[in-house]
Amino acid sequence: MRHVLSALVMNQPGVLAHISGMLASRAFNIESLAVGATENPELSRMTFVVNGDEKTLDQVRKQLEKIVTVVRVIDFSKQNYVERDLMLIKISTEGGKRSEVHELVDIFRARIVDVGPSHVMVEISGQERKIDAFIDVMRPYGIIELVRSGRVALLRSAASSEDLEAEDRPNPEPPPEATV
Amino acid sequence: MAAEKARTQSKSKTLQLPVVNGADILVEALIRQGVDTIFAYPGGASMPMHQALTHQADRLRTILPRHEQGGIFAAEGYARTTGKVGVCMATSGPGATNLVTGLADAKMDSCPVVAITGQVAKKFIGTDAFQETPIVEVCRAITKHHYLITRFEDIPRVVKEAFYVARSGRPGPVLIDFPKDLQTEKASEHPDYDPPMNLPGYRPEPRPVNPAQVRQVLAAVKRSKKPILYIGGGAINSEAAAELYKFAKRTNIPVTTTLMGIGAFPARDPQSLHMLGMHGTVYANFAINSADLLLAFGVRFDDRVTGKVSEFATHGKIVHIDNDPSEIHKNKLAHIPIIADLNEALAALNDAITDDDLPELDEWWSEINEWRDKHPLRYSDPGHDLILPQYAIEELHRQTADRDPFVAVGVGQHQMWAAQYYKFDRPRRWMSSSGLGAMGFGLPAAMGAQAANPGKLVIDIDGDGSFQMNIQELATLTCEKLPVKVFLLNNQHLGMVMQWEDRFHKSNRAHTYLGPIDHPEATGKGTAAILDETYPNFVKIAEGFGIQARQVRSRKEFPKALAEMLAAPGPYVLDILCPYQEHVLPMIPGGHTVKDIILE
C-alpha cells in the first residue's frame, strides 16, 4: 500500500542526511522524497511516499519521530489531502509537430515555458497519474529529457499541521493480525 | 604585587572568570551538568579544552585513558554503574574515529554518554585539513543526537541539550563536535549557562500510564495460567528494580531477564529463572516457550533472545511496556502495547492490583521446577586439577558476593559464563557490551566503574582475546590509581568462534588460536587440555605496566590465588589458565527455536 507522510523538521544542516541515512540503513523503500522551506523559517517540510504494509509504515513513522530534529510526522493517507507532482519535460517538435504538441499541452492544462527551433519545454503539475498520462502522450513525439519533483502534499483544513497535536497514542489498538 | 594578584584571582573566581574562552565555557557548562569525571585524550584540536580542564581540576577529575576507545568505554562503565551521564573527550580525526565503536555500543545498549570531539577550525572544515574527519556525518546513525557547534553563543545551549537528550527518554549517546577556533575565541560577555533549549521535536516526557491499560494487564494476569516476566535493560534504565520485585512477589510470576536486564531482579531469588535466549537457561527458555502470557517489560525482542522470531512465544499473549514507541510491534506484535516509563507503569500495576487479580500458579511452578531440576546450569568436572571457567566464576561469586562488586566483561564465552554463573542481585552491578558485542569492553568499562565508585570492588572478568583489545588501559589503572581486579579466563583461543567451529565447521580452526601460527594448536592439532607455555605472557605485561599479577593453572591453588588478588590493595591481573575445550551451554543456534536447544 502507498502512504504519504509529511514531516516538519528543523531547518538545519544535516537533517536530510540524517533522515535519508536512517531510511536506507533500515531498508525502508521510499518512492519519493521532497524537501522544501515552509512558512516558518525554522522549519522545513519533507513529504515521503512510502510503499509497504501497515507495519512498515508504523516503523517508518516511529523511526522518523525518534530523530531529535524531526518535529512532527503526519500520515496523510487516511485523511483528506491534496497531492501534486511537478514535471519539466523537453519534447522534440521536429517535422512540424509543434502545434500538435501545443494542442495536447492545452488539453492537459500544462504550459510551454521554453521554445526552440526543434523542441519545447513544458511544465506540468498534477497528480501522479496525470503526469504519467502526459508522458505517454508525448512519447511518440520524442522525449528529449524530463525531470520530476518528489510528491508534495497538504491537508485540506484551515489549520497548519504545525499546530496539530502530535499523534498521541497512549493506548494503540493492536494491529488486526494479532489474535488475542 | 602578590597581594594584588591574589585579589584578582579571588575576584575572578567569584565572577566565574571574566576572561574566558569557548573551551572554558564548555568545561564550566559540563560542571554545571554535574560532571565530576571525564575520560579525555588530548590532541591538536582539543588542546584548548584540556587547558581549560586543568583550570578546573579541583571540580572535575580528568582521567587520561591510553586509547580513545578506552575512554568512551570507561564513560560507559561510569554511566552504567551510576545511571549518570558518562563523559569522554577526544581530538579531531583519528581521536574522534576511535570513539565510533563506543558510540555504537552506547546506542545499542541505551547508555547515556556525552562524547566531545575537537574539530578543525571552521574555516578548514571541508578542506580535508590535517586530522579532519566529518565525525558528525560518520556518527549520525550511531548516536541518539549530535551537534557540530558553529556559533560561539551556542556552546552552553548545546551542552545543556546534549545532557538532556542523553539521559532522558530512552538514554543514548550524544556527540558534540567543537571546532578549535570557537574553543579559543574569547567571550565578550558573561555567558548564560542556562539558556532555553531548542528541541521542538524532542518530547521524552513519560506518557501517563492509562488506568484502563493497567486494568487490562491485570485482567490478563488474572486469566493466565502460565505467565512470565521477561525483563530487559529498560528495567535498569528506569530504576524499576524495587517496583518489579514488589510486583513479582505479589503475583508469584517467574522472572527471566535478558543479558541487559541482569540485576533487575535478584538472581538468587527462587523466583528467578535467570537469563533467557541463545545461552539462557533451559528452564527460562522452556518457560517462555510455554507461557500463555509474556510480560515483556523494557525489552526489544532481540534475535539473541528470540531465535527464530516467528516461532518465539507463539502460545502467549504479549504485554509490551517500553518508553520507546518504535520498539512496540517492531519485532513482535504486542497484544497490549504500553508506551510508558517502566517504573511508573509497574508502580501503577502495584497500586491497582488486588488479591482478586492474582493468578493460580501452582501447576505452572511445578512444571517449571521440573525443568529446573532436570536441566540446571551445569558443567562436568574434567578432573586433572584443571580450572574450568564456569567453576572459576562460581568461586569468584562465592568469594565476592558479600562485597557487592561491580563486574565488567568482555565479549565471548567468558561473557556468557559470567552472565550464567555470577549471580547478580542488584541492578547496575553488571556491565556488558550486549547489543553491539564489542570485544575489549571489559577492562576500560571496569576502569570507568572504579572511577565512579571509589573504594568499591570492581572486577573485569575477561577473556584473553578481549583483554588484548584494550590492554593498554592497564597503564591507566596504575597511573590513575584505579585498583581494578582483572579476572582473566585465558584459554588461548577466541573461544566463542572456536565453539562455533566445533559445532558447525568440523572443528576447523580458522584464526581462532591466539598463539604463534606454527604451533600445532593453530591448525587444531594440539593435544593438551591446557598448554605448558601460553602466549602472550600476561604476567610480564602486567608487571611492565606496574601491576601485580600471577598465573594460576591448578584448581587446588585457585581459591587461594583468587583470595590473594581480592585482598590486594591495588590493581591486579590474575591469569587463570582454562581448558579451551569447554563450550557455553545450553545453546540455541541462531535462527532456531527452543526445540533445537543444545545441551551437551
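This text goes with the structure placed above it.
Given the structure is predicted, the values throughout are model-derived calculations rather than measurements. (Residues numbered from 1 in each chain as written. Chains lettered and ligands numbered in written order. Predicted model: local features only at pLDDT ≥ 70, side-chain atom pairs only at ≥ 80, totals over all residues.)

### A word on the sheet that holds strand β1 (residues 37–40) of chain B
Residue and element names in this part refer to chain B.
Here is step 1: Here six strands make up an open sheet; going across it, the order is β2-β1-β3-β4-β6-β5 and the pairing parallel. What marks the edges here is a single partner per strand, and that holds for β2 (61–63) and β5 (145–148). Geometrically, the sheet is characterised by an average inter-axis angle of 20 degrees between neighbouring strands, direction not taken into account.
Here is step 2: Note that strand β3 (residues 86–90) and strand β4 (residues 113–119) share five bridges and pair parallel. When the sheet's bridge partners are listed, V87 is paired in β4 with V114.
Here is step 3: Sitting on the sheet, helix α6 (residues 100–108) is in contact with β4 and β6 (173–179), with an inclination near 145 degrees to β6.
Here is step 4: Contacts from helix α8 (residues 155–167) reach β4, β5 and β6 within the one sheet, and its direction differs from that of β6 by about 165 degrees. (Pairing = 2+ DSSP bridges. Helix = DSSP H or I, 4+ residues; strand = E, 2+ residues; numbered from the N terminus. Axes fitted to C-alpha atoms, helices over the stretch in contact; angles between N-to-C directions. Contact = placed C-beta atoms within 7 Å.)

### Considerations on helix α10 (residues 211–223) of chain B
All names here are of chain B.
Here is step 1: Compared with the 18 Å implied by 1.5 Å per residue over 13 residues, the 18 Å span of α10 between its first and last C-alpha is a close match.
Here is step 2: Of all the positions in α10, only Q213, V217, A220 and V221 are classed as buried. Looking down the long axis of α10, one finds its buried residues gathered within 105 degrees of arc, a one-sided arrangement. Facing away from the buried side of α10, by more than 90 degrees, are the exposed residues P211, A212 and A219.
Here is step 3: Check the buried side of α10 and you find it contacts β7 (227–231), α12 (241–251), β10 (293–297), β11 (317–322), β12 (336–339) and α15 (342–352). (Expected span 1.5 Å × (residues − 1). Buried ≥ 20, exposed ≤ 12 C-beta atoms within 10 Å, placed from the backbone. Arc of directions from axis to C-beta.)

### Re the pairing of β5(B)
All names here are of chain B.
Here is step 1: Alternating residues of β5 divide into H145 and Y147 and H146 and L148, and every residue in both groups is buried.
Here is step 2: Pairing of β5 with β6, which is carried by four bridges, proceeds in the parallel orientation. Bridge pairing links H145 to V174 in β6.
Here is step 3: Handedness of the β5-α8-β6 crossover: right-handed. (Right-handed = clockwise from strand over helix to strand, strands pointing away.)

### Things to note about the interface of chain A and chain B
Accessible area lost on assembly of the parts is the figure often given for the size of an interface.
Here is step 1: Contact with chain A, which involves 26 residues of that partner, is made by 25 residues of chain B.
Here is step 2: Grouping the amino acids of the side of chain A that touches chain B by side-chain chemistry returns 13 nonpolar, eight polar and five charged. (Nonpolar A, V, L, I, M, F, W, Y, C, P; charged D, E, K, R; others polar.)

### Here we look at the sheet that holds strand β3 (residues 43–51) of chain A
All names here are of chain A.
Here is step 1: Overall, antiparallel pairing links the four strands, which are arranged β2-β3-β1-β4 in an open sheet. Because the sheet does not close on itself, it has two edges, and the strands there are β2 (30–37) and β4 (70–75). Going across the sheet, the axis of each strand differs from the next one's by a mean of 15 degrees, ignoring polarity.
Here is step 2: Two strands pair when backbone bridges link them, and strand β1 (residues 2–10) and β3 are joined in this way by nine bridges, in the antiparallel orientation. Bridged to S6 within β3 is T47.

### Observations concerning unusual backbone geometry
All names here are of chain B.
Here is step 1: Each neighbour pair has its own omega, and for Y535 with P536 the value is -10 degrees, a cis peptide bond.
Here is step 2: Residue P586 is bonded to the preceding L585 through a cis peptide linkage, with omega at -5 degrees.
Here is step 3: Note on placement: P586 falls in the segment after β18 (572–577).
Here is step 4: Look at H329: it is not a glycine, yet its phi comes out positive at around 70 degrees.
Here is step 5: As for its placement among the helices and strands, H329 is situated in the loop between β11 and β12.
Here is step 6: Residue H329 is classed as buried on the basis of its 23 C-beta neighbours within 10 Å.
Here is step 7: Phi is positive for D385, which is not a glycine, with a value near 60 degrees.

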